[in-house]
Amino acid sequence: MKNLLIPVLGAVSIISIGAVAWLLATPASVDPRSVKLESELQEARQTIAKLRAELARKPAAQPASTQLGSAATDSPAPATAATDSQGNLQEMLRTPAMRAVIDEQQAAQIEVGYAQLFEHLGLNPEERQNFKQLLTARQKALTDLSLQLMNPNLTPEQRQELIAEAKNQQSVYNASIQKFLNEPRDYQTFQQWEAVQPERTQYDTIGRSLFGASGEPLSPEQEQRLFTLMAQVRTSPSSVGGLNDQTGTDPNLLTDEVIAQQLRQIQDNHRIVAERAQEFLTAGQRQTLNSYLQQLEAMSRSSINVSKMILRGASGN
């Protein structure tokens, strides 16, 4: 029996602008277990697309004096207009309407992403709902802190304070989840699940349908080996890590060179995965894996571009 008491939680345990970027860039999953949830996600994505389209039109409709916050002047240069548009995107992400869309989408993706874990842990409906609420609260806090860290005007001291608070709260979340699960074996299962959660989410979003349509779907054992392999490559000492690792969450450090380095790392990681996966995949499955990795690379580019729009907005880099 799980501990149903969920403590009041503070800030987020992990800092990741990529979480927001992935939500804005990721296509709908085709997991047959989540038809209703995906309908809700599709509505959320349509709302996001509409808001982004309105945002793109907004700077052109504003007089120069409004955009510059001063007396009327000549029309701003294209770079200034682009900066205003990107800055407005940051503001849009902070509005209650957009936050409600993102929160709803994240809650739905938690249901999809953790459904198998809930089943594996044998949670009853009440326990499942409580655990989902705990994970959703954690994800919402992650987004809240990410939005604060988008501010390019933070001093180094302020940025470090936010990061230190996140690290401090990591222990709070770990303790809360461990207390909820109430059994060392279940908590270990949760940690193992979390270790490959990015890979599992990507696979459920894109890979599962690809392998299913190929006529040679992966067995559960092959899926787990693929998740583990991809996670090992992602976290290997030779990997430069994600954008956060390279910028220290400072949007002013998100240079074109950093972005190019990140994209090269993704390509290198995928090449290593393809080589090592030959040990446990058939020839047909390896061909599907190559298609899957190509789609992941395209999705990563899209996600990084969204991150660039968000993080470099106010700084105008």
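Parameters and conventions
- Residue numbers here run from 1 along each chain, matching the order of that chain's written sequence.
- Residues qualify for local features only when their pLDDT is at least 70, as the model is predicted, and side-chain atom pairs are given and counted only at 80 or more; totals for whole chains, interfaces and linings, by contrast, use all residues.
- To obtain the side-chain values, all non-hydrogen atoms of the structure were included, while hydrogens and water were left out.
- To qualify as a helix, a DSSP run of H or I must reach at least 4 residues; to qualify as a strand, a run of E must reach at least 2; elements of each kind are numbered from the N terminus.
- When a residue's accessible area, from a 1.4 Å probe over protein chains only, is under 20% of the maximum for its type it is buried; when over 50% it is exposed; and in between it is partly exposed.
- Helices are assigned an expected span. That span is 1.5 Å times one less than the residue count.
- Think of it this way: the bend at a residue is just the angle between two axes, each fitted to seven residues, one set ending at that residue and the other starting at it.
- Inter-axis angles, ranging from 0 to 180 degrees, are taken between N-to-C directions of lines fitted to C-alpha atoms, where helices are fitted over the stretch in contact.
- Convention used here: angles under 35 degrees read as roughly parallel, angles over 145 as roughly antiparallel, angles from 65 to 115 as roughly perpendicular, and any remaining angle as oblique.
- By convention, the crossing between two helices is left-handed when the near helix turns anticlockwise from the far helix through less than a right angle, and right-handed when the turn is clockwise.
- Here, residues are in contact when the closest pair of their heavy atoms is within 4.5 Å.
- Each Phe, Tyr or Trp ring (for Trp, its six-membered ring) is paired with any other whose centre lies within 6.5 Å, and the angle between the two planes then decides the class: stacked below 30 degrees, edge-to-face above 60, tilted in between.
- The rule for a charge over a ring is simple: NZ of Lys or CZ of Arg within 6 Å of the ring centre, and within 35 degrees of the ring normal.
- We call a set of buried residues a nonpolar core when its members are Ala, Val, Leu, Ile, Met, Phe, Trp, Tyr or Cys and they connect through side-chain atoms within 4.5 Å of each other.
- As a per-residue measure, pLDDT reflects the predictor's confidence and takes values from 0 up to 100.
- Salt bridges, as used here, are contacts in which a Lys or Arg side-chain nitrogen is within 4 Å of a carboxyl oxygen on Asp or Glu.

J.: Explain unusual backbone geometry residue by residue, including any values.
T.: If you check the backbone angles, Asn182 has positive phi at about 70° while not being a glycine. Tracing the backbone through its elements, the reader meets Asn182 in the loop between helix H7 (156-181) and helix H8 (184-195). Given the relative accessible area of 48%, Asn182 is considered partly exposed.

J.: Kindly report on helix H9 (residues 197-214), identifying the contributing residues and their values.
T.: For H9, built from 18 residues, the straight-helix expectation of 26 Å at 1.5 Å per residue is met to within 8% by its first-to-last C-alpha distance of 24 Å. The largest bend along H9 measures about 55° and falls at Asp204. Every buried residue of H9 is accounted for by Gln197, Glu199, Arg200, Gln202, Tyr203, Asp204, Thr205, Ile206, Gly207 and Phe211. Of the residues trailing H9, Gly215 is marked for its positive phi of about 90°.

J.: Lay out the packing of helix H5 (residues 96-121) against H8 with the relevant residues and their values.
T.: Contact geometry for H5 and H8: axes closest at 11 Å, N-to-C directions at 160°. Relative to H8, the element H5 is oriented roughly antiparallel. Considering the relative orientation of H5 and H8, their crossing is right-handed. For the pair H5 and H8, contact is made by Gly113, Tyr114, Gln116, Leu117, His120 and Leu121 and by Asp186, Thr189, Phe190, Trp193 and Glu194, respectively.

J.: Talk me through the packing of aromatic side chains; I want residue IDs and the actual numbers.
T.: Aromatic ring pairs are described here by two measures, namely the spacing of the ring centres and the angle between the planes. Taken as a whole and judged by the stated rule, the model has nine aromatic pairs. Relative to Phe190, the ring of Tyr187 lies with its centre 6.3 Å away and its plane at 25°, an arrangement referred to as stacked. You can see Tyr187 and its partner Phe190 sitting in helix H8, three residues apart, about one turn around the helix. Taken together through their ring pairs, the aromatic side chains of Tyr114, Phe118, Phe131, Phe180, Tyr187 and Phe190 make up a single cluster. Against the face of Trp193 rests Arg200, its NZ or CZ located 3.5 Å from the ring centre.

J.: Can you explain the environment of Leu296? Please cite residues and give values.
T.: Mapped onto the elements of the fold, Leu296 is located in helix H13 (residues 283-311). Contact partners of Leu296, with chain neighbours within four places excluded, come to Gln202, Ile206, Met230 and His270.

J.: Describe in detail the nonpolar core, supporting the description with residues and values.
T.: By size, the foremost hydrophobic cluster in this structure holds 22 residues, and its most contacted members are Leu226, Met230, Val273, Leu289, Tyr292 and Leu293. Those elements that place two or more of their residues in this core are H9, helix H10 (220-234), helix H12 (256-276) and H13. Here this core takes six residues from H10, the largest share from any one element. Beyond its immediate stretch of four places on either side in the chain, Leu293 contacts Met230, His270, Val273 and Ala274. Of all hydrophobic cores here, the second largest spans 15 residues; its members include Leu121, Phe131, Leu134 and Ile177.

J.: Summarise the packing of H7 against H8; cite the residues concerned and give the values.
T.: In contact at an axis separation of 8 Å, H7 and H8 are set at 130° when each is read in the N-to-C sense. In terms of axis orientation, H7 runs oblique to H8. Here H7 and H8 pass one another in a crossing that is right-handed. Seen from H7, the contacting residues are Asn174, Ile177, Gln178 and Leu181; seen from H8, they are Asp186, Tyr187 and Phe190.

J.: I'd like a description of the confidence of the model for the protein, backed by residues and values.
T.: Summarising the model, the protein shows a mean pLDDT of 75, and 67% of its residues fall at 70 or more. Taken element by element, the protein is modelled with least confidence in helix H3 (residues 64-68), mean pLDDT 36, and with most confidence in H10, mean pLDDT 96. Contacts for the low-pLDDT stretch residues 28-38, under 50 throughout, to residues beyond four places or in other chains number 21 contacts. Note that residues 60-86 has pLDDT below 50 and, in this model, 23 contacts with residues that lie over four places away or in other chains.

J.: Provide a residue-level description of the pattern of salt bridges, including the pertinent values.
T.: Inspection of the entire model under this criterion finds nine salt bridges. The partner of Glu199 in a salt bridge is Arg234, with the nearest N and O atoms 2.6 Å apart. Here the residue Glu199 occupies a position in helix H9, and Arg234 occupies one in helix H10, the gap between them amounting to 35 residues. Looking at Glu199, the relative accessible area reads 3%, which means it is buried. Residues Glu223 and Arg208 are paired through a salt bridge, measuring 3.0 Å at the closest nitrogen-oxygen approach. Taken together, the residues span a long stretch of sequence, with Glu223 in helix H10 and Arg208 in helix H9 at a distance of 15 residues. With a relative accessible area of 13%, Glu223 lands in the buried category.

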